[in-house]
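Chain by chain, the residues:
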Amino acid sequence: MKQALLAENLCKRYGRGDTGVTAMDNVAISLDTGEVVALLGPSGAGKSTLLTALGLIRPPDSGRIVIDGTVVFDNGYKTDVRAFRRSNIGFVFQKANLLPFLTARENVQLPMELDDISGGKSRRRAMELLEQFGMENRQGFKPSELSGGQQQRVAIARALANCPKLLFADEPTAALDSVMGRKVMEMMKRVAHDFQTSVLVVTHDTRALDVFDRILRMEDGKIGEK
Ligand SMILES: Nc1ncnc2c1ncn2[C@@H]1O[C@H](COP(=O)(O)OP(=O)(O)OP(=O)(O)O)[C@@H](O)[C@H]1O
Ligand SMILES: [Mg+2]
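In what follows, the accompanying structure is described.

Rules of the game
Residue positions are given per chain, counting from 1 as you read along its sequence in written order. Chain labels run from A onward and ligand labels from 1 onward, assigned in the order the entries are written. Under the rules for a predicted model, residues below a pLDDT of 70 receive no local features and side-chain atom pairs below 80 are neither given nor counted, while totals for whole chains, interfaces and linings still include all residues. Only hydrogens and water are set aside when side-chain values are computed; all heavy atoms of the structure are taken into account. Residue exposure (1.4 Å probe, protein chains only): buried if accessible area is under 20% of the type maximum, exposed if over 50%, otherwise partly exposed. Counting from the N terminus, the helices are the DSSP runs of H or I reaching at least four residues and the strands are the DSSP runs of E reaching at least two. Any two residues whose heavy atoms approach within 4.5 Å are treated as being in contact. Working definition: residue near molecule or strand if any one of its non-hydrogen atoms lies within 4 Å of it. Pairs of N or O atoms within 3.5 Å make up the polar contacts considered here, provided that, within protein, one atom can donate a hydrogen while the other can accept it, and that residues adjacent in sequence are counted only when both atoms are side-chain atoms. Amino acid classes used here: Ala, Val, Leu, Ile, Met, Phe, Trp, Tyr, Cys and Pro are nonpolar; Asp, Glu, Lys and Arg are charged; the rest, including Gly, are polar.

The next subject is helix α3 (residues 104–114). Residues Ala104, Arg105, Asn107, Val108, Gln109, Pro111 and Met112 constitute the buried set of α3. Tucked inside the fold, the buried residues of α3 contact α4 (119–132) and α5 (148–159). The positive-phi residue at the C-terminal boundary of α3 is Asp116, with phi of around 65 degrees.

As structure tokens, this is what we get:
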């Protein structure tokens, strides 16, 4: 299977000297195309640090990141990361962070409009995505009129709007009850398989682990298979 992501020797230290913290210690990780992987580990293990490095949000100190065959980081950024991120990477956080004055559909449309996709086309794709997440009958609702689980589904649909190669989600279901958390994970996996998007999800919810294709565990800045 084709590799969507390959990262090697990722290191990151916060601070200096005796008071410094090693958040990533020679981390290696790879994701196959369309693979949906969970990342577990205790608080402070370095999970968010790894996600922000792979998502080209905050650079590691050293190492190498190859996305879809392009070397994007090799001891420093090797591409225009902003442009690369916008067309290849989606991110979902613990809070949905939807724009409150836009409807569900408009929130999903926004990244496409920023990418100069025509109104008709972005509208159709937004509706298609909302349908995939069982939200078609809420497309005209504002975020304040949606439940937490519904808001999070809109946020995931938005993150997938530009058909990214990679989707990173940092505890996307932490604020949801376990039934809704599982439902959201299952929908995310189905859509990822359909669109051949690779997904890496940080989660503390061990009850929904059977949803994932593979499980990784991180501890003290090091990563291993579970
Ligand atoms: N901006 C920062 N400045 C200094 N230290 C930081 C910073 N961000 C993270 N750290 C440290 O790096 C380590 C890893 O943090 P990180 O946020 O990646 O952990 P995590 O696995 O996501 O934890 P959690 O499950 O609590 O979200 C921690 O010891 C943390 O204190
Ligand atoms: Mg974290």
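Now that the structure is up, let's keep going.
It is worth spelling out the site of ligand 1 at this point. The environment of ligand 1 is made up of 13 residues, and the closest members are Ser43, Gly44, Lys47, Ser48 and Thr49. With respect to ligand 1, the backbone of Gly46 contributes an N or O atom lying 3.0 Å from an oxygen atom. A distance of 2.6 Å is found between an oxygen atom of ligand 1 and a side-chain nitrogen or oxygen belonging to Thr49. Within the residue set of the shell around ligand 1, elements represented by two or more residues are β2 (21–32) and α1 (47–54). Here the shell around ligand 1 takes three residues from α1, the largest share from any one element. When its residues are assigned to classes, the shell around ligand 1 shows five nonpolar, six polar and two charged.

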